[in-house]
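The primary structure of each chain is shown beneath.
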Amino acid sequence: MKQLIKDLVERYQDNLFAVAFNVCKNAADADDIVQETFMQYYLANKEFDSEQHIRAWLIRVTINKAKNVTRSFWRQHKVSLEEYMETLAFETQKDSELFETVMNLPQKYRIVIHLYYYEDYSVHEIAGLLKLTESNVKARLSRGRNMLRQVLKEEWRDDE
């Protein structure tokens, strides 16, 4: 199964951007990563089993490319989290604050939380995407939630 690149771009561009930005925290790099991911799909001589297989492959390639960028010496033009936050539209102020709090988590917790809550992947699927055990994914989710809980609890106390 090979789908038209145009259809995939329309369907997954925003999701892949979010995943790439989640890893590298740089909008310009995330744009490049998404474009490179679609180019790799276009050039790949690979048959996919289903739509879900294509989506998982795209996300896996995006994550790998984003990790490569974060390791790269040539990361010169960074966009701060605050600048990126200004470009996003959230329904409520709480949604915005939650997203910012998630983005400030360490990468290994941030990516798992993003895939689970924003991309609706199961623990099993995340384990496959990140090449981790399911118990490791569960541990990272739990630790990430605890970190979020602590930060949000402190912010809530400060508001009182």
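What counts and how
- Residues numbered from 1 in each chain as written.
- Predicted model: local features only at pLDDT ≥ 70, side-chain atom pairs only at ≥ 80, totals over all residues.
- Heavy atoms only, no water.
- Helix = DSSP H or I, 4+ residues; strand = E, 2+ residues; numbered from the N terminus.
- Buried < 20%, exposed > 50% of the residue type's maximum accessible area, 1.4 Å probe, protein only.
- Contact = heavy atoms within 4.5 Å.
- Areas by Shrake-Rupley, 256 points an atom, 1.4 Å probe, with all protein chains shown as cover.
- pLDDT = per-residue confidence, 0-100.
- Patch = residues over 30% accessible without salt bridge, like charges linked within 9 Å, V, L, I, M, F, W, Y side chains within 5 Å.
- Salt bridge = Lys/Arg side-chain N within 4 Å of Asp/Glu carboxyl O.
- Expected span 1.5 Å × (residues − 1).
- Axes fitted to C-alpha atoms, helices over the stretch in contact; angles between N-to-C directions.
- Parallel < 35°, antiparallel > 145°, perpendicular 65-115°, else oblique.
- Left-handed = near helix turned anticlockwise from the far one by under 90°.
- Nonpolar A, V, L, I, M, F, W, Y, C, P; charged D, E, K, R; others polar.

All right, on to the overall build of the protein then. When its secondary structure is counted, the protein shows eight helices and zero strands. Along the chain direction, N to C, the helices and strands of the protein fall in the order α-α-α-α-α-α-α-α. Taken over 160 residues, the protein has a buried fraction of 38%. Taking the contacts inside the protein whose residues are at least 6 apart along the sequence as the reference set, 64% of them involve residues at least 24 apart. In the form shown here, the protein has an accessible surface area of approximately 9900 Å², with 49% of it arising from carbon and sulfur atoms.

A few words now on the confidence of the model for the protein. Averaged over every residue, the pLDDT of the protein is 84; the share at 70 or more is 84%. Element-level pLDDT for the protein is lowest in helix α4 (residues 81-87), with a mean of 59, against a maximum mean of 93 in helix α7 (residues 123-130).

Bringing a nonpolar patch on the surface into the picture now. Together, L98, Y117, Y118 and L152 make up an exposed nonpolar region whose accessible area comes to about 340 Å². Topologically, L152 is positioned in helix α8 (residues 134-159).

Taking 1.5 Å of rise per residue, 21 residues should cover 30 Å, and helix α3 (residues 51-71) covers 31 Å from first to last C-alpha, within 8% of that figure. If you check which residues of α3 are buried, you get I54, R55, W57, L58, I59, R60, V61, T62, I63, K65 and A66. The inward-facing, buried residues of α3 contact α1 (5-24), α2 (27-43), α6 (107-118) and α7.

Close contact between α1 and α6 brings their axes to 9 Å; oriented N to C, the two are set at 165 degrees. Between α1 and α6, the angle falls in the class roughly antiparallel. Where α1 crosses over α6, the two elements pack in a sense that is right-handed. Seen from α1, the contacting residues are A18, V19, N22 and V23; seen from α6, they are Q107, R110, I111, H114 and L115. Considering only residue class, the contact of α1 with α6 consists of five nonpolar, three polar and one charged.

Its place among the elements puts T37 in helix α2. Dropping the residues within four chain positions of it, T37 is found in contact with L16, W57, L58, V61, T62 and K65.

Our focus in this paragraph is the packing of α1 against α3. Helix packing geometry: the angle between the two helix axes and the distance between the axes. Contact pair α1 / α3: the axes reach a minimum separation of 9 Å and the direction vectors enclose 35 degrees. Considering the relative orientation of α1 and α3, their crossing is right-handed. Together, L8, R11, Y12, N15, L16, V19, A20, V23 and C24 of α1 and E51, I54, R55, L58, I59, T62, I63, A66, K67 and T70 of α3 make up the contact between the two elements.

Turning our attention to unusual backbone geometry. Phi is positive for K25, which is not a glycine, with a value near 55 degrees. Relative to the assigned elements, K25 resides in the loop between α1 and α2. Backbone geometry at D120 places phi at a positive 60 degrees, although glycine is not the residue there. Along the chain, D120 falls in the loop between α6 and α7. Given the relative accessible area of 63%, D120 is considered exposed.

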